Amino acid sequence: MISHSIDGAARVAGQHHDPSESSDRKEEYETPFSIGDFRSYRVKVNPTQWGVAAPSTSEQFKLRSHAHKPRALRWDHRISTESARRTGSTLKSALKHLKNPDVISLGGGLPLSDYFPFKGMDLAVPAIHQPGKHRTEPNNSDSLHTGKNDLADGLGIYDLATALNYCQGNGSAQLLRWITEHTEMVHDPPYADWQCTMTIGNTSALDMALRMFAKPGDYVLSEEYTFATAVETVMPMQVKFAGVKMDEEGMLPESLHDLLENWDSATFGGARKPFLLYTVPTGQNPTGATQSAKRRKDIYNVAQQHDLFILEDDPYYFLQMKPFTAGSKVPLLPADNIPSSHLLDTIVPSFLSLDVDGRVMRMDSFSKVISPGTRLGWITASHQIVERYKNHADVSTQGPSGLSQLALFKLLDEYWGHAGYFDWLMYMREEYTKRRDFIIEACDRYLPKTIVSWNPPMAGMFLWLKVDWNKHHNARTKQMTDIEEEIWLGCIKHGSLVARGSWFYAESGKNHNDMFFRLTFAAAPLDKVEEAVRRLGLALNEILL
């Protein structure tokens, strides 16, 4: 377990040296190590590891031994027929022999980098330890340069010649090392054989996971309102969602237990009892709900009782905010003045950090905190599950874009480091707290509170509005969804686009008596956010009052 002190140091307690490990690995685990000095704790890596399409695993890059922890459970009884038949890529597996510098490859279709029409890449990024300054001082940035042959010239371990070529399905070793370290620092999974592998985003990771576990006719458990794209992802697979009741903290563990304990196959078209649980536990999309630490433990306990496998989709994890206080004008502490370790001290523990069994596949992404266009994320799960995932990726999506991997490596590993990235996340947290507070104050000014209510979100980028549609003059004769559409079209008429709550039903065939609309406070400048809320208020007053 890692605990983080105010100066950004991390202390590793209760761990012992594994004599089977490389002698280069740090032996004294009781000594505090600084997040800012993580490089001195890295295991030495053979330079051939950084070559084109070089195979790698997280085990090579963990900062300390995890051998004292138990190993994960096996999931052979849950793996789908499709996944069990996948053996990965024969061609990619052969590339391991290129670690021998004397081997000349005529066996793989790796093009010669001489014919890549790119000579270099320069990135202007916010100066280190000043992540927010680019808003007020546009020129306060640094430039990161990558040449085509930096690796061969001894100028770096990752260059364009490597990044622009093929890579393994789990991504480049260079960026995988940073991702593994980040996961170890933040989540410290409590079992030994955890691994990471890169993805092209959480939606793709979910699609892959469903192919690995589900079969036609299955049900996947989720919150009763869930990510619309997740529902649309499973439909062509002939898989459906079964919604679990929610409150302001998200999924209710007692509702989850009751649904499983009393599962009636006949009611669900002959479907077997579900074993996959899909959840967005932090800043849930669409409701904005965040599960407390106790709530997560209770849900995990239900998963243990019913042998569930949890798909933890958590792109908003680092957008956890301070509580909203109505009318508060207390200025937020500038992110630059807050130690980076403060973030790790205040965020809710992940399911991965509670996972003593290896029954969680956590999906992380840079989409909400760096850029969605990078199309780069990663999963963390047991070695067995990560190998299954990699076998799928090697023959389908393959690795993420080489340019994205290289850009993120230059920023996160070579320049910011882990402390710099945590500083950036603190800045993002403060910015999203301001935005959350702003939209709530705008709603308080412009929306008719006799028919609209909301709970301030504690994370993410969404505000979930509940609308009393029974005030509509045709409420007795019209369907709720018809009135919802009328309001939605009225908003568009007034120039404000919001998301309809019915888009997020886990089970669209069920009767739903409550009406909701989802607003985002992330997508527009604040003055535009205020104007959009004002226009929404006009539409609601016009249609319902």
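Residues numbered from 1 in each chain as written. Predicted model: local features only at pLDDT ≥ 70, side-chain atom pairs only at ≥ 80, totals over all residues. Heavy atoms only, no water.

Visitor: Looking at this structure, I do not really get the environment of Asn 262. What am I missing?
Guide: Among the structural elements, Asn 262 can be located in the loop between helix H8 (253-261) and strand E11 (276-279). Classification of Asn 262 by relative accessible area gives exposed; the value is 57%. Distance from Asn 262 to Lys 273, taken between C-alpha atoms, is 9.6 Å for residues 11 residues apart in sequence. (Helix = DSSP H or I, 4+ residues; strand = E, 2+ residues; numbered from the N terminus. Buried < 20%, exposed > 50% of the residue type's maximum accessible area, 1.4 Å probe, protein only.)

Visitor: Teacher, can you tell me more about the packing of helix H5 (residues 173-186) against helix H13 (residues 402-446) here?
Guide: Helix-helix packing is characterised by the crossing angle of the two axes and by the distance between the axes. Viewed as axis vectors pointing N to C, H5 and H13 meet at an angle of 30 degrees, and their least axial separation amounts to 9 Å. Put simply, H5 runs roughly parallel to H13. For the pair H5 and H13, the crossing hand works out as left-handed. Facing H5, whose interface residues are Gln 174, Leu 175, Trp 178, Glu 181, His 182, Met 185 and Val 186, H13 presents Gln 405, Leu 408, Phe 409, Leu 412, Asp 413, Gly 417, His 418, Tyr 421 and Phe 422. When grouped by side-chain class, the residues that make up the contact of H5 with H13 number nine nonpolar, five polar and two charged. (Axes fitted to C-alpha atoms, helices over the stretch in contact; angles between N-to-C directions. Parallel < 35°, antiparallel > 145°, perpendicular 65-115°, else oblique. Left-handed = near helix turned anticlockwise from the far one by under 90°. Contact = heavy atoms within 4.5 Å. Nonpolar A, V, L, I, M, F, W, Y, C, P; charged D, E, K, R; others polar.)

Visitor: For this particular structure, what's the right way to read the side chain of Arg 359?
Guide: Locating Arg 359 in the fold gives a position in the loop between helix H11 (351-354) and strand E13 (360-365). At a separation of 3.0 Å, a polar atom in the side chain of Arg 359 contacts the side chain of Asp 357. Those residues in contact with Arg 359, other than ones at most four positions away along the chain, are Leu 73, Trp 75, Tyr 300, Ala 303, Gln 304, Asp 307, Leu 308, Phe 309 and Ile 310. (Polar contact = N/O pair within 3.5 Å; in protein donor to acceptor, adjacent residues only side chain to side chain.)

Visitor: Looking at this structure, I do not really get the confidence of the model for the protein chain. What am I missing?
Guide: Taken over all residues, the pLDDT of the protein chain has a mean of 89, while the share at 70 or more is 89%. For residues 1-32, every residue scores under 50 in pLDDT, and the model assigns this stretch 69 contacts once sequence neighbours within four places are set aside. For residues 134-138, every residue scores under 50 in pLDDT, and the model assigns this stretch five contacts once sequence neighbours within four places are set aside. (pLDDT = per-residue confidence, 0-100.)

Visitor: I would appreciate a short explanation of helix H15 (residues 526-544) in the present structure.
Guide: An α-helical segment advances 3.6 residues per turn. Residues three or four places apart therefore align on the same side. Spanning 19 residues, H15 covers 27 Å between terminal C-alpha atoms, matching the ideal 27 Å at 1.5 Å per step. Considered for burial, the residues of H15 that qualify are Val 529, Val 533, Leu 536, Gly 537, Ala 539, Leu 540, Ile 543 and Leu 544. Looking straight down H15, one finds its buried side chains confined to an arc of 165 degrees; they lie on one side. Of the exposed residues in H15, the ones pointing more than 90 degrees away from its buried face are Asp 527 and Lys 528. Elements that come into contact with the buried residues of H15 comprise H13, strand E15 (452-454), strand E16 (462-467), helix H14 (480-493) and strand E18 (515-520). (Expected span 1.5 Å × (residues − 1). Arc of directions from axis to C-beta.)

Visitor: Mind showing me how you'd approach the sheet that holds E16 here?
Guide: Hydrogen bonds between backbone atoms are what pair the strands of a sheet, whose relative direction is either parallel or antiparallel. Here four strands make up an open sheet; going across it, the order is E15-E16-E18-E17 and the pairing antiparallel. On the outer flanks of this sheet lie E15 and strand E17 (499-500), each paired with one strand and no other. The sheet contact formed by E16 and E18 spans six bridges and is antiparallel. Looking at E18, one finds that Trp 464 is bridged to Arg 518. Running over the sheet, H13 touches E15, E16 and E18 and is turned about 25 degrees from E16. Sheet contacts for H15: E15, E16 and E18; angle to E16, the most-contacted strand, approximately 15 degrees. (Pairing = 2+ DSSP bridges.)

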